[in-house]
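# Observations on the model geometry
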Amino acid sequence: YYSFDDRRLTFTFIADGRVDFRDLVKDLTKDFHKLIRLQQIGIRDEARLMGDVGPCGKTLCCATHLNKLESVTSELIDLQQLNHRGSERLSGMCGRLCCCLAYEKEGYSCMLKKLPEIGVKVKTKDGLGKVIRHHLLKETVVVSLEGKKKDGMIEVKPSDLKIIN
């Protein structure tokens, strides 16, 4: 990348660790007659610069509209209930977790606030039970009913149950 004033030339590179490029910088300075800057970038930055198509079939989010790359952690997989998918299906072109997981974090957090916590005792029209699972997109919870041995689980909207202290 050339600077606007054409005095500096920046080369970006990816490396696992620290690399000594002093000799290379001297050679490049002689060849280009410019100030040379070598900048190490991460694998996500490379995907952003190179551009590609993601697993969704669209141009990478980081190359189009995500200006700030947020931290993407496995907690987001738990929040969005994607534990059943393999890590390769949740990885972007850079090999890291997809940026869109962080992009959707706020929406999933809002949905989760509307549901009672897992482990809370509740009263339903079918009897007393305990919340054992959330279905965020359906905005329902699964309740395990007390005293029922087989198939004693029901899916209920939060408005159809009462939390017991």
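All of these numbers come straight from a predicted model, not from anything done at the bench.

The subject of this paragraph is the pattern of salt bridges. Evaluated as defined, the whole model comprises six salt bridges. Put simply, R7 and D5 hold a salt bridge, and the shortest N to O gap is 3.8 Å. Note that E155 and K138 form a salt bridge whose closest N and O atoms lie 2.8 Å from each other. Pair noted here: E155 is in strand β6 (residues 153-156) and K138 is in the loop between β4 (127-135) and β5 (140-145), with a separation of 17 residues, a long-range link. According to the relative accessible area criterion, K138 is partly exposed, its value standing at 47%.

A few words now on a nonpolar patch on the surface. A contiguous nonpolar patch, built from Y1, L49 and M50 and spanning about 380 Å² of accessible area, is present on the exposed surface. In this structure, M50 sits in helix α2 (residues 43-50). By relative accessible area, which is 64% here, M50 ends up exposed.

A few words on the side chain of H134. One can find H134 in strand β4. Polar contacts involving the side chain of H134 include one to the main-chain carbonyl oxygen of P116, which spans 2.7 Å. Discounting residues that sit within four places of it in the chain, H134 has contacts with Q81, L112, L115, P116, E117, I118, T140 and V141.

A separate point is the packing of aromatic side chains. Remark: the centre distance and the inter-plane angle together describe each pair of aromatic rings, the angle taken between the planes. All told, the structure shown has two aromatic pairs when counted by the stated rule. Both rings, one in F13 and one in F21, keep their centres 4.9 Å apart while their planes meet at 75°; by these two values the pair is edge-to-face. By relative accessible area, which is 18% here, F13 ends up buried. Looking at F21, the relative accessible area reads 24%, which means it is partly exposed.

The rules behind each value
- Every residue gets a number counted from 1 within its own chain, in the order that chain's sequence is written.
- Given that the model is predicted, a residue must reach a pLDDT of at least 70 before its local features are reported, and side-chain atom pairs must reach 80 or more before they are shown or counted; all residues, however, enter totals for whole chains, interfaces and linings.
- Hydrogens are left out, water is left out, and the side-chain values use all remaining heavy atoms of the structure.
- Think of a salt bridge as a Lys or Arg side-chain nitrogen and an Asp or Glu carboxyl oxygen that are within 4 Å of each other.
- Runs of H or I in DSSP of at least four residues are treated as helices and runs of E of at least two as strands, each being numbered from the N terminus.
- When a residue's accessible area, from a 1.4 Å probe over protein chains only, is under 20% of the maximum for its type it is buried; when over 50% it is exposed; and in between it is partly exposed.
- A patch is a set of surface residues, each over 30% in relative accessible area and not in a salt bridge, joined within 9 Å for like charges and within 5 Å for the nonpolar side chains Val, Leu, Ile, Met, Phe, Trp and Tyr.
- For the area figures, the Shrake-Rupley method with a 1.4 Å probe applies, and any residue is considered shielded solely by the protein chains shown.
- Think of a polar contact as two N or O atoms within 3.5 Å of one another; within protein, one of them needs to be a possible hydrogen donor and the other a possible acceptor, and neighboring residues in sequence only count if both atoms come from side chains.
- Note on definitions: a residue-residue contact is assigned when non-hydrogen atoms from the two residues lie within 4.5 Å.
- The aromatic pairing rule takes the rings of Phe, Tyr and Trp, using the six-membered ring of Trp, and pairs them if the centres are within 6.5 Å, calling planes under 30 degrees apart stacked, those over 60 edge-to-face and the rest tilted.

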